[in-house]
Amino acid sequence: MEMAKKDTTNENETLSKSKAKREARKKELAKEKKEKLISRIITTTVVTVFVAIFAVAIGFQIYKSAIRTASSSDFSACLTDAGLIEGVDITSTVSLADYEGLIVPMSEVEATTEEVDSNIESTLSSHKAVSDDSSIEIKSGDTVRIDYVGSIDGVEFEGGNSNGEGYDLEIGSGTFIEGFEDQLIGHTPGEEIVVTATFPEDYTNADVAGKEANFAVTIHGVYVTPELTDAFVQENFSDIASTADEYRAYIEDDFYRTHLEEYLHNYILDNSTITTYPKNYVKALKSITKYNDEYSMQYYNQMASQYGMETSTNVWDTIEGVDNEIEYEQDLTKRAEEMAKQALVYQAIYEKAGLNVDFDTLVAEMTEANGEDYITNMKDTYGQGYMLQAEIQSIVLDYLADNANVQ
């Protein structure tokens, strides 16, 4: 009996050990399965994330390509030969401002004394002429015409001779070496004087740097600004006035007209609304605007490269407040819609008022004023539609100004 009991115990121990091994193996298999599952999940997640990132990147490029505007120099795109926007029912597209009942305040458009005086002063200044009047004493700020011969220790040096060609020098500009210009002050036309001045130590020409030089100077005359007199007006502006008073009145009227047109232009645009923008026309305007932006960028890059400045690679880098292509496209749309609104509003007034533009008459007038080469270039560059649209806006503004109620 004891022997039998002992055998049972051994058997039970053997079974227990076998069961334990099976359980342990079962746990190991479960662990391996779990680890494989986790690994598979991680791998799948990584792949999924990578694919998602790649898809977003590709999608973004596709999106940018889809919205990217192609530049075009077809300025007459979507315009008829009459200068009107193609396929537009203007009455249902534009809600016009009440410009016919508008009262324009005179205080908003009349010329100011300051701007008239400034304009006349600028005109007189542009007609400065050299005077050899010996009673005129040179002062700081004057522009004088001189000739000079420079020498050091009695020997003429290279680059120190005006060769009798006459040189216009503004006194106080610092154009010549220090001390030269000041020594002309107080002298008069017709004088021949000697000016002594010392070249700077760091002067670009090492042969004269730091050395004292004598300049034999002949003063030919001083530029004098004419006065607004009847004689001056008759000599220079006889086509618009015969007296100084008439000329001033002409300038006042010109500023008045300019202010009035600006006021009316802003009023009709600010107080008119567009119900629907013509998609094709806006698209064409975006293409034209981008072409102009690219042209401007090329010009500025040429200028920048000449002066060793940084150039722009992307057209949007030249637009203030725009940082990338997406923002540039948004800006293009905004500008195109602003141009479209102006064209639509002016066309609406043009049609409502029954105005008319004849292309042959326009060409004849432009040819007479600017020559055949000019008009040929205009036709080739802009086309008939664009030229007539510009003329439409011009005659509409004239129509509004001529009929304005200014009080």
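Residues numbered from 1 in each chain as written. Predicted model: local features only at pLDDT ≥ 70, side-chain atom pairs only at ≥ 80, totals over all residues. Heavy atoms only, no water.

Let us now look at the overall build of the chain. If you tally the helices and strands in the chain, you get 10 helices and 10 strands. A separation threshold of at least 6 residues defines the contact pool for the chain, and within that pool the share at least 24 residues apart is 71%. Carbon and sulfur atoms make up 49% of the accessible area of the chain, which totals about 26,000 Å². (Helix = DSSP H or I, 4+ residues; strand = E, 2+ residues; numbered from the N terminus. Contact = heavy atoms within 4.5 Å. Areas by Shrake-Rupley, 256 points an atom, 1.4 Å probe, with all protein chains shown as cover.)

This next bit is on the environment of Leu264. Inspection of the secondary structure puts Leu264 in helix α6 (residues 244-270). Taking the C-alpha atoms as reference, Leu264 lies 7.4 Å from Ala401; in sequence the two are 137 residues apart.

For the coordinates displayed, the defined rule picks out 17 aromatic pairs. Ring geometry for Phe75 and Tyr386: centres 5.5 Å apart, planes at 65 degrees, overall edge-to-face. In this pair, Phe75 sits in the loop between α1 (2-67) and α2 (90-93) while Tyr386 sits in helix α10 (residues 372-402), placing the two residues 311 residues apart along the sequence. Since its relative accessible area comes to 10%, Phe75 is described here as buried. In this structure an aromatic cluster arises from ring pairing among Tyr148, Phe157, Tyr167, Phe176, Phe180, Phe199, Tyr203 and Phe215. (Phe/Tyr/Trp six-rings, centres within 6.5 Å; stacked < 30°, edge-to-face > 60°. Buried < 20%, exposed > 50% of the residue type's maximum accessible area, 1.4 Å probe, protein only.)

A word on the pairing of strand β7 (residues 192-198). Alternating positions in β7 separate cleanly, Ile193, Val195 and Ala197 being buried on one face and Glu192, Val194, Thr196 and Thr198 remaining unburied on the opposite face. Strand direction decides the pairing type here: β7 and strand β8 (residues 212-224), joined by seven bridges, are antiparallel. Within β8, the position partnered with Val194 by the bridge is Ala216. (Pairing = 2+ DSSP bridges.)

Right, let's get into the packing of α6 against helix α8 (residues 325-352). Where α6 meets α8, the closest approach of the two axes is 10 Å, and the angle between their N-to-C directions is 100 degrees. With respect to α8, the element α6 is oriented roughly perpendicular. When α6 is examined against α8, the residues His265, Ile268 and Leu269 are found in contact with a partner set consisting of Lys341, Gln342, Val345, Tyr346 and Ile349. Of the residues that constitute the contact of α6 with α8, the class distribution is five nonpolar, two polar and one charged. (Axes fitted to C-alpha atoms, helices over the stretch in contact; angles between N-to-C directions. Parallel < 35°, antiparallel > 145°, perpendicular 65-115°, else oblique. Nonpolar A, V, L, I, M, F, W, Y, C, P; charged D, E, K, R; others polar.)

Averaged over all residues, the pLDDT of the chain is 89; the fraction at 70 or higher stands at 84%. This stretch, residues 1-15, has a pLDDT under 50; its non-local contacts, to residues over four places away or in other chains, come to zero contacts. (pLDDT = per-residue confidence, 0-100.)

For the rest of this paragraph, the subject is the side chain of Lys290. You can see Lys290 is positioned in helix α7 (residues 279-306). Although buried, Lys290 forms no salt bridge, and the nearest oppositely charged side chain, Glu294, lies 4.5 Å from it. Setting aside its immediate chain neighbours within four residues, Lys290 contacts Arg68, Thr69, Ser71, Tyr328 and Leu332. (Lys, Arg positive; Asp, Glu negative; His and termini not counted. Salt bridge = Lys/Arg side-chain N within 4 Å of Asp/Glu carboxyl O.)

Moving on: the side chain of Thr289. Counting through the fold element by element, Thr289 comes out in helix α7. If near-sequence neighbours (up to four positions away) are discounted, Thr289 is found in contact with Leu332, Arg335 and Met339.

Before going further, it helps to spend a moment on a nonpolar patch on the surface. A surface patch of nonpolar side chains, amounting to about 620 Å² of accessible area, comprises Tyr299, Tyr300, Met303, Tyr307 and Met309. Position of Tyr299 relative to the elements: it lies in helix α7. (Patch = residues over 30% accessible without salt bridge, like charges linked within 9 Å, V, L, I, M, F, W, Y side chains within 5 Å.)

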